[in-house]
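So you can see what is in the structure, the chains are spelled out below.
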Amino acid sequence: MATELQLIHSEIIECTKCELHKSRTRTVPGEGPHDARIMFVGEGPGQNEDEQGRPFVGAAGKFLTELLESIGLKRSDVFITNIVKCRPPNNRAPRKSEVEACNPYLQSQIRLINPRIVCALGTPAITTLMGDEYSASRFHGKPSTKGEVTFLPMYHPAAALYDASLKETIFHDFQILKQLFENKATLDPDIPKSAESSGKKQTLEKWA
Ligand code: URA
Ligand code: SF4
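Treat the numbers as computed from the prediction; the structure is a model and nothing was measured. (Residues numbered from 1 in each chain as written. Chains lettered and ligands numbered in written order. Predicted model: local features only at pLDDT ≥ 70, side-chain atom pairs only at ≥ 80, totals over all residues. Heavy atoms only, no water.)

Student: Residues and numbers for the side chain of Asp50, please.
Tutor: Structurally, the position occupied by Asp50 is in helix 3 (residues 47-52). Buried and unpaired, Asp50 has Arg87 as its nearest opposite-charge partner, separated by 4.8 Å. At 2.4 Å, the side chain of Asp50 and the side chain of Thr25 are in polar contact. Apart from the residues lying within four places of it in its own chain, the contact partners of Asp50 are Arg24, Thr25, Arg26, Val28, Pro45 and Arg87. (Helix = DSSP H or I, 4+ residues; strand = E, 2+ residues; numbered from the N terminus. Buried < 20%, exposed > 50% of the residue type's maximum accessible area, 1.4 Å probe, protein only. Lys, Arg positive; Asp, Glu negative; His and termini not counted. Salt bridge = Lys/Arg side-chain N within 4 Å of Asp/Glu carboxyl O. Polar contact = N/O pair within 3.5 Å; in protein donor to acceptor, adjacent residues only side chain to side chain. Contact = heavy atoms within 4.5 Å.)

Here it is in structure tokens:
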């Protein structure tokens, strides 16, 4: 899986499938263990990410690291990526056509990494991963399971960074994430029992 993931990342580096390739400095494929149990998906690279070719390395990234540490995780424990791998000019929201052009990369990453939990950060990531009827304000902290993967919508850390009440909410939603990977959360009813008793639990035990 590691090499297949590397192949996807080399495809991304050369990608010209949407307009965003014209203004990018570097692509930001994502980073983390190829067999991470938890994945984070943000909206798109900002200026720092575009310069460094790495996801979540600016102010929002610093806050994400803090949120992870609040539940005993390090950045290097999780895989971090975005719905578009190139920076939208002036940090505008990615267009639907750009998200659609880039989505096959995200879907391949999810398939190859095969995480147990995918955290969708902010409404654009939430709708891309879960459907247009979902949003951060209505669904944050509410996990839902599709097949073997549990999706957990959250506010975007950049939105929560300077808003005290959202900040409290996102710390609380990270506690839900912690309970999920410790298998203690009240999961929605359609979570298959088989998913909870599968081999994946073993790798999760290092966090238990
Ligand atoms: N915001 C995002 O959505 N993604 C990043 O990689 C950085 C900031
Ligand atoms: Fe390709 Fe995605 Fe970059 Fe568009 S955003 S050029 S689809 S890698």
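Alright, that's what it looks like, and here's the rest.
Student: I'd love a proper account of the sheet that holds strand 4 (residues 144-146), names of residues and values included.
Tutor: Sheet architecture is open: five strands sit in the order 2-1-3-5-4, paired in mixed fashion. The open sheet is flanked by strand 2 (79-82) and strand 4, the only strands paired with a single partner. Across the sheet, the mean angle separating the axes of adjacent strands is 25° when strand polarity is ignored. Where strand 1 (residues 38-42) meets strand 2, four bridges bridge the pair, whose relative direction is parallel. By the bridge assignment for strand 2, Phe40 is matched with Ile80. Most of the contacts of helix 9 (residues 164-181) go to strand 5 (residues 149-154), to which it runs at about 170°, and overall it touches strand 1, strand 3 (117-121) and strand 5. (Pairing = 2+ DSSP bridges. Axes fitted to C-alpha atoms, helices over the stretch in contact; angles between N-to-C directions.)

Student: Outline the site of ligand 2, listing residues and values.
Tutor: Close to ligand 2 lie Cys15, Lys17, Cys18, Leu20, His21, Arg24, Lys85, Cys86, Ala101, Cys102 and Tyr105. Of all elements in the fold, only helix 2 (20-23) and helix 5 (96-113) reach the threshold of two or more residues within the shell around ligand 2. The element best represented in the shell around ligand 2 is helix 5, accounting for three residues. (Near = heavy atom within 4 Å.)

Student: Lay out the packing of helix 1 (residues 2-13) against helix 5 with the relevant residues and their values.
Tutor: The description of two helices packed together rests on the angle between their axes and the distance between the axes. Viewed as axis vectors pointing N to C, helix 1 and helix 5 meet at an angle of 165°, and their least axial separation amounts to 10 Å. Classified by the angle their axes make, helix 1 and helix 5 are roughly antiparallel. For the element pair helix 1 and helix 5, the recorded crossing hand is left-handed. Residues Glu4, Leu5, Ile8, His9, Glu11 and Ile12 of helix 1 pack against Tyr105, Ser108, Gln109, Leu112 and Ile113 of helix 5. For the contact of helix 1 with helix 5, the per-class residue count stands at six nonpolar, three polar and two charged. (Parallel < 35°, antiparallel > 145°, perpendicular 65-115°, else oblique. Left-handed = near helix turned anticlockwise from the far one by under 90°. Nonpolar A, V, L, I, M, F, W, Y, C, P; charged D, E, K, R; others polar.)

Student: Could you give an account of the site of ligand 1, naming the residues involved and the relevant values?
Tutor: Lining the immediate surroundings of ligand 1 are Gly42, Glu43, Gly44, Glu49, Pro55, Phe56, Asn82 and His156. The side chain of Asn82 places a nitrogen or oxygen atom 2.7 Å from a nitrogen atom of ligand 1. One of the side-chain N or O atoms of His156 is found 2.8 Å from an oxygen atom in ligand 1. Contact with the protein chains covers 91% of the free accessible surface of ligand 1, which is 240 Å². Class assignment of the residues belonging to the shell around ligand 1 gives a composition of two nonpolar, four polar and two charged. (Areas by Shrake-Rupley, 256 points an atom, 1.4 Å probe, with all protein chains shown as cover.)

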